Amino acid sequence: MLNPKEIRKDFPILDLQVYGKPLVYLDNAATSQKPNQVIDTLTTYYRNYNSNVHRGVHSLSIKATELYESAREKIAKFINAQSDSLIYTKGTTDAINLVAHSWGVNNIQAGDEILLTEMEHHSNLVPWQILAKRNGATLKFIPVTESGMLDLSQLNTLLTSKTKLVAITQMSNALGTINPVKEICKQGHAAGAYILIDGAQSVPHMPVDVEDMDCDFLAFSSHKMLGPTGIGCLYIKKSILETMDPVNHGGDMVKEVTLNHATWNDLPIRFEAGTPNIADAIAFGTAIDYLTDLGMDQVQAYEEHLTRYALDVVKGLSENFIFYGPPNPAERGAIISFHCPEIHPHDIGTILDREGIAIRAGHHCAMPLVNGRLGLPATARASFYVYNTEHEVDVLAASLKTTLQYFNR
Amino acid sequence: MSSSNTSFNELDDIYQDIILDHYRHPRNKAKMPDPDLVSRGFNPFCGDEVILMIKLSTENQINTISFTGQGCSISQASASILTELIKGKHIKETMEISNMFRNLVKGLSIGDEELDKLGELEALKGVSKFPVRIKCALLPWSTLEDAISTNKAS
């Protein structure tokens, strides 16, 4: 089992005090903290290697290119992909938009159907709304059950000969639900659809293997997995990637340019026009090293253990708080979403902040799920990572009790 | 709550008894049939919602006012106090109160005479120490301003 106390030593921010209390950082589904290794990679790069990539003949540029491309190889290996199938993006949102603007615009036609779920983050919903309007396609949704799981009993009828794309999250950012994406890929492909997986929450917290899952697209972000903000990746199955047109045009993505014509560079560089986010890509590679050293099996096992512990502890609060998401810790990530009829989530968030506890309150960019399906204005959400401890779960539970006493004084 | 807990004591600046009372027992919270003015305010950041419904006199005084909505204690208490405070007032005067209240929650200094006009709204003064919650306190007032400016436009 991972030892969070050892891991914490690598994260300087976790030593902070907030309002005189030790920081209890439980907003990892929004963004994770960064270990010294990642922070040092950024400063080392700017101190020693800073240079533009790909076109330079001088030593610094060669070194920067080598680091940038070796990070891509590490990230690709992390999800069991080839590095020429992996495009650097700004993050998950940027990656999904790239698919919509390139593959989507050319392949989704009038009358086609795009199958989503009711639990998608806005970033895996709004790009498809826009594309559907633009190309005359229809959106359909896999419903969510009372316990926050996908109702897959309807999958067979929702998948039709018109379904061109299934775009689905592997782990709900609002509830933590882990969806059976491998089975959905299988059924989706059998119906002739392409499959996009939003891996923003899953890739940081569990082993993800694109070959085994057999998805066509996988999007994920560095900043939710110990790396810097502003960098993420899009995996695209090679046979599909080869047919896709670049969305951004300019330097680095071209091979030969005349006054009236240009040819595209090799894959995947043709999708990375302009000077890329070099330092953050390299530091993302360091975050991947860190997680690889921990072992993603170990990461998942520890988080499942912590979730089990948390669900057990919060049972003592069930008189006043309602907890959402699958009851079985094996079917969910380390995200605890809850609501208290007596206290609005934002008031809970403000009061916990004064206890040093960072949680998130709101619709978690999943308004159709939280406001629509659950019928709540907002939920409070505590989300964990490898450095969180059982003690922090206890602090959260105790503070929720004092919050209740304070508010109902 | 134990008075030895300093961090909870700082919370008393924002969660005063008056605020919690208005939150738990909102005044004038009801739908109004056939209002002269209706406006819906929504804060996408936290999902707070306030819908104001107003009937005006022929002299543009607030004859009746009610609200519906959902949200945090600050936004809902602010709406509840608003309905009590501006009833019977001329819309011009309500805009003056709105401006004074904006200054109050932004932490600007306010004279005693102005403070008198703000009545129970003074209980929301502490919001100025919680910058992310200022929007919550102002939501009903922005909604009122929208309602009145729409009325003028029509």
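Residues numbered from 1 in each chain as written. Chains lettered and ligands numbered in written order. Predicted model: local features only at pLDDT ≥ 70, side-chain atom pairs only at ≥ 80, totals over all residues.

Another aspect to go through is the overall build of chain A. The number of helices and strands found in chain A is 14 helices and 17 strands. C-alpha extents for chain A along the principal axes are approximately 75 × 55 × 35 Å. Evaluated residue by residue, chain A yields a buried proportion of 49% over its 409 residues. (Helix = DSSP H or I, 4+ residues; strand = E, 2+ residues; numbered from the N terminus. Buried ≥ 20, exposed ≤ 12 C-beta atoms within 10 Å, placed from the backbone.)

Next up on the list: the pairing of strand β17 (residues 379-383) of chain A. Residue and element names in this part refer to chain A. Counting buried positions over the 5 residues of β17 gives 5, a clear majority of the element. Side chains Thr379, Arg381 and Ser383 project from β17 onto one buried face, and the interleaved Ala380 and Ala382 project onto a second face that is buried too. Alignment of strand β14 (residues 335-339) against β17, held across 4 bridges, turns out to be antiparallel. If you follow Ile335 over to β17, its bridge partner there is Ser383. Of the pairings in the sheet, the one linking strand β16 (residues 360-362) to β17 comprises 3 bridges and is antiparallel in character. Bridging across to β17, Ala361 finds its partner in Ala380. (Pairing = 2+ DSSP bridges.)

Residue and element names in this part refer to chain A. If you walk across this open sheet you meet the 7 strands as β4-β10-β9-β8-β7-β5-β6, and the pairing is mixed. In this open sheet, the two strands that pair with only one neighbour each are β4 (86-89) and β6 (138-142). Direction aside, the axes of adjacent strands within the sheet are offset by 20° on average. As defined by bridge partners, strand β5 (residues 113-117) adjoins β6 across 5 bridges and the pair is classed as parallel. In the strand pairing of β6, Thr117 is matched with Ile142. (Axes fitted to C-alpha atoms, helices over the stretch in contact; angles between N-to-C directions.)

This part is about the environment of Arg27 of chain B. Residues and elements named next belong to chain B. The topology assignment puts Arg27 in the loop between α2 (17-24) and β1 (37-43). On a C-alpha basis, the gap between Arg27 and Arg102 in space is 22 Å, while along the polypeptide they are 75 residues apart. Contact partners of Arg27, with chain neighbours within four places excluded, come to His22, Ser80, Thr83 and Glu84. (Contact = placed C-beta atoms within 7 Å.)

This part is about the interface of chain A and chain B. When the parts come together, some accessible area is lost, and that loss is often what is quoted as the size of the interface. Facing the 20 residues of chain A at the interface are 15 residues of chain B. Elements supplying a minimum of two residues to the side of chain A that touches chain B: α12 (345-353), β16 and α14 (390-407) of chain A. Among the residues forming the side of chain A that touches chain B, the class breakdown is 7 nonpolar, 8 polar and 5 charged. (Nonpolar A, V, L, I, M, F, W, Y, C, P; charged D, E, K, R; others polar.)

Moving on: the domain arrangement of chain A. Residues and elements named next belong to chain A. Looking at the assigned domains, one finds that chain A contains domain 1 (4-26 + 295-407) and domain 2 (39-293). The centre of domain 1, based on its C-alpha atoms, is set 28 Å off from the matching centre of domain 2. Those elements that place two or more of their residues in the side of domain 1 that touches domain 2 are α11 (296-314), β14, α13 (367-373) and β17. In terms of residues, the side of domain 1 that touches domain 2 owes the most to one element, α11, which gives 5 residues. The residue makeup of the side of domain 1 that touches domain 2, split by class, is 12 nonpolar, 6 polar and 6 charged. (Domains from an automatic or database assignment.)

All names here are of chain A. Core analysis: the largest hydrophobic core is formed by 158 residues, its most contacted members being Phe217, Leu234 and Tyr235. Per-element tally for this core: the top contributor is helix α10 (residues 278-294), with 10 residues. When residues of this core are assigned to domains, at least three fall in each of domain 1 (4-26 + 295-407) and domain 2 (39-293). (Core = buried A, V, L, I, M, F, W, Y, C linked by C-beta atoms within 7 Å.)

Relative placement of two packed helices is described by the angle separating their axes and the distance separating the axes. Residues and elements named next belong to chain A. Viewed as axis vectors pointing N to C, helix α2 (residues 36-49) and α10 meet at an angle of 150°, and their least axial separation amounts to 9 Å. In this view, α2 runs roughly antiparallel relative to α10, as classed from their interaxial angle. Between α2 and α10 the crossing geometry is right-handed. Judged by residue contacts, Gln37, Val38, Thr41, Leu42, Tyr45 and Tyr46 of α2 engage Ala279, Ile282, Ala283, Thr286, Ala287 and Tyr290 from α10. Residues of the contact of α2 with α10, tallied by class, amount to 9 nonpolar, 3 polar and no charged. (Parallel < 35°, antiparallel > 145°, perpendicular 65-115°, else oblique. Left-handed = near helix turned anticlockwise from the far one by under 90°.)

This next bit is on the sheet that holds strand β13 (residues 322-324) of chain A. Residues and elements named next belong to chain A. Spatial strand order, β13-β14-β17-β16: 4 strands in an open sheet with antiparallel pairing. One side of each edge strand has no neighbouring strand; the edge strands of this open sheet are β13 and β16. Here the average twist between neighbouring strands, direction ignored, is 30°. Across 3 bridges, the pairing between β13 and β14 is antiparallel. Of the residues in β14, the one forming a bridge with Phe323 is Phe338. In the packing of α12 onto the sheet, contacts are made with β14, β16 and β17, and the angle to β16 comes to roughly 160°.

Our next topic: helix α3 (residues 73-86) of chain B. Residue and element names in this part refer to chain B. The end-to-end C-alpha distance of α3 is 20 Å, a good match for the 20 Å that 14 residues give at a rise of 1.5 Å each. Most of α3 is tucked away, with 12 of its 14 residues classed as buried. Here α3 has its buried residues at Ser73, Ile74, Ser75, Gln76, Ala77, Ser78, Ala79, Ser80, Ile81, Leu82, Thr83 and Ile86. Two residues or fewer past α3, Gly88 is found with a positive phi of approximately 90°. (Expected span 1.5 Å × (residues − 1).)

Moving on: the environment of Ile351 of chain A. Within the secondary structure, Ile351 of chain A sits in helix α12. What makes Ile351 of chain A buried here is the crowd of 23 C-beta atoms within 10 Å. Along the chain, Ile351 of chain A and Tyr406 of chain A lie 55 residues apart, while their C-alpha atoms are 9.1 Å from each other. Dropping the residues within four chain positions of it, Ile351 of chain A is found in contact with Thr403 and Tyr406 of chain A together with Leu11 of chain B.

This brings us to unusual backbone geometry. Residues and elements named next belong to chain A. A cis amide bond links Leu267 to the next residue, Pro268, at an omega of 0°. Structurally, Pro268 is set in the loop between β12 (262-264) and α10. A positive phi angle is found at His54, which is not glycine, with a value near 75°. Locating His54 in the fold gives a position in the loop between α2 and α3 (59-78).

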